[in-house]
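Structural features, examined
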Amino acid sequence: MAIAANVTPEVSESFTVFSQMTSMDHEQVVFCHDRASGLKSIIAVHNTVLGPALGGTRFWNYSNDREAVTDALRLSRGMTYKAAITGLHLGGGKAVIIGNSRTDKTEALFRRYGKFVQSLSGKYITAEDVGTSKDDMEWISRETKYVTGLPEYLGGGGDPSPFTALGVYMGMKAAANKAYGNDSLKGKKVMVQGIGHVGEHLVAFLDKEGAEIMVTDIFEDRLAEISKRFKVTVIKTEDTYSADMDIYAPCALGATVNSENIELLKCAIIAGAANNQLADEEIHGQMLLEKGILYAPDFVINAGGLINVGMELEVYNRERVKTETEKIYQRTLSIFKLSHEKKVPTHKAANEMAEARIRSIAQLNAKR
Ligand code: NAD
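Report follows, based on the coordinates. If you're wondering where the values come from, they're calculated on a predicted model, not measured in any experiment.

Comments concerning the overall build of the protein chain
Scanning the protein chain from N- to C-terminus turns up 15 helices and 12 strands. In terms of C-alpha radius of gyration, the protein chain reaches 20 Å, essentially the compact-globule figure of 21 Å for 368 residues. Dimensions of the protein chain along its principal axes, counting C-alpha atoms only, are 55 × 45 × 45 Å. Counting only residues that meet the buried cut, the protein chain has 53% of its 368 residues in that class. Restricting the contact set of the protein chain to residue pairs at least 6 apart, pairs at least 24 apart contribute 66%.

In structure tokens, the structure reads:
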């Protein structure tokens, strides 16, 4: 305490980073800055026991540095669990670029960022995330080979979002099977929150199956576009959580499942693409269990995109990506089974499975 009282604000901030790194067990965090291009970025490497840390780069207008650090740390940790439970030979990492993705993107900024990624010599491999696209990955690829999610004409697998949406759809069907006794989504009222890359493809799957689709987004243009293509009901953002729905699919940002919103939710299932949906895993996982809402853990069902970009590091095969992504259906069912047997929230069952794999490989590595 005496030390904390005497340090400058900057030093105190760095102590916060280390306390967060310690509590979530991160290996490395890199702060990147370039005055000329305006780049401000944080690369977080959570765990590399299973392989290099692969995770996307988020471009977001954080209101302060602390928010950006916390996001990078939470997201990178989630990637460790996602890769582990999916059986991939990858660790967990994630990066954020601080800025407005609609106005601040330039070639110079992304290429400077690519140089920072290259400086980590492959410990961290990037891809797209909220606010970044395969065109941005192409700029990054001018400076580093440690980038995935590249366009097809550069030998990549293209936009990973359709596979993320396929996995979410598989996870949602598994949840329907558990909650309703069969996996049909026909006539089910599904709220898709966030009509971005993933949300749009998810709507297409749901439309094909005859679900009653509700959509919400902060941007009117996204809602107008989706309404032109599919039969959807537009819901105001402020009415999202209290809407009459069977399934809530968070496909925008994280932490939307929190104490305030759980009170309002009347759905039977939560299954969506957003990372870190539970604001606090312990508290909100338990609250959902007690309220009888079946939660399909985000990092289990949104792994399709990671499967897609991860395969770019091997021999890319679209059919194999599809087959591997469809396995999310059975994986989600096995997590529900474990959760039921152990009487623990579903995210806890999934965490245990992922941690068991990481532990077993860490032991193997220690013996080498
Ligand atoms: P995106 O940026 O293309 O789309 C996000 C959409 O959410 C945007 O249309 C945005 O306007 C909307 N949005 C933001 N805040 C909102 C709010 N409060 N209410 C309603 N809408 C809001 O992102 P994406 O690539 O579609 O990813 C969506 C989510 O899925 C993210 O959390 C991302 O981390 C996660 N995810 C994406 C992938 C992928 O392959 N793209 C993979 C795994 C996880």
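So, the site of the ligand
The ligand sits among 25 residues. The nearest are Arg58, Thr164, His197, Asp217 and Ala252. One of the side-chain N or O atoms of Thr164 is found 2.6 Å from an oxygen atom in the ligand. His197 places a side-chain nitrogen or oxygen 2.6 Å from an oxygen atom of the ligand. In isolation the ligand exposes 820 Å². Once the protein is present, 86% of that is buried. Put simply, the parts of the chain that give the shell around the ligand at least two residues each are helix H6 (161-180) and helix H7 (197-209). When the residues that make up the shell around the ligand are grouped by side-chain class, the tally is 10 nonpolar, 10 polar and five charged. Looking at the shell around the ligand, you find at least three residues from each of domain 1 (17-78 + 91-154) and domain 2 (161-355).

Here's the deal with the pattern of salt bridges
Within this structure, the stated rule accounts for 23 salt bridges. Lys123 is paired through a salt bridge with Glu27; the nearest N and O atoms lie 3.7 Å apart. Here Lys123, found in the loop between helix H4 (107-119) and strand S6 (124-125), pairs with Glu27, found in the loop between helix H2 (9-24) and strand S1 (28-34); they are 96 residues apart in sequence, far enough to count as distant. A relative accessible area of 30% places Lys123 in the partly exposed class. We note a salt bridge from Asp183 to Lys173, for which the minimum N-O separation is 3.7 Å. You can see Asp183 sitting in the loop between H6 and strand S7 (189-193) and its partner Lys173 sitting in helix H6, a full 10 residues away along the chain. Exposure remark for Lys173: the relative accessible area of 12% places this residue in the buried category. Within the structure, one salt-bridge network assembled from shared partners comprises Arg58, Asp71, Lys94 and Asp129.

What about the environment of Ile361?
Relative to the helices and strands, Ile361 resides in helix H15 (residues 346-367). By relative accessible area, which is 25% here, Ile361 ends up partly exposed. The spatial distance from the C-alpha of Ile361 to the C-alpha of Val49 is 7.1 Å, given a sequence separation of 312 residues. In this view, Ile361 contacts Val49 and Leu50; residues no more than four positions away in its chain are not counted.

What about helix H14 (residues 328-342)?
The terminal C-alpha atoms of H14, which comprises 15 residues, lie 21 Å apart, in line with the 21 Å expected from a rise of 1.5 Å per residue. Buried within H14 are the following residues: Ile328, Tyr329, Arg331, Thr332, Ile335, Phe336, Leu338 and Ser339.

A word on the sheet that holds strand S9 (residues 232-234)
Whether parallel or antiparallel, the strands of a sheet pair through hydrogen bonds between backbone atoms. Here six strands make up an open sheet; going across it, the order is S9-S8-S7-S10-S11-S12 and the pairing parallel. In this open sheet, the two edge strands, each paired with only one partner strand, are S9 and strand S12 (294-295). Inspection of the sheet shows strand S11 (residues 269-270) paired to S12 by two bridges, in the parallel sense. Each residue of the ladder has a partner; that of Ile270, found in S12, is Tyr295. Lying over the sheet, helix H8 (residues 220-229) contacts strand S8 (212-216) and S9, oriented at roughly 155° with respect to S9.

What counts and what doesn't
Residues numbered from 1 in each chain as written. Predicted model: local features only at pLDDT ≥ 70, side-chain atom pairs only at ≥ 80, totals over all residues. Heavy atoms only, no water. Helix = DSSP H or I, 4+ residues; strand = E, 2+ residues; numbered from the N terminus. Rg over C-alpha atoms; globule rule 2.2 N^0.38 Å. Buried < 20%, exposed > 50% of the residue type's maximum accessible area, 1.4 Å probe, protein only. Contact = heavy atoms within 4.5 Å. Near = heavy atom within 4 Å. Polar contact = N/O pair within 3.5 Å; in protein donor to acceptor, adjacent residues only side chain to side chain. Areas by Shrake-Rupley, 256 points an atom, 1.4 Å probe, with all protein chains shown as cover. Nonpolar A, V, L, I, M, F, W, Y, C, P; charged D, E, K, R; others polar. Domains from an automatic or database assignment. Salt bridge = Lys/Arg side-chain N within 4 Å of Asp/Glu carboxyl O. Expected span 1.5 Å × (residues − 1). Pairing = 2+ DSSP bridges. Axes fitted to C-alpha atoms, helices over the stretch in contact; angles between N-to-C directions.

Remember that the coordinates give geometry; whether it matters functionally is a separate question.
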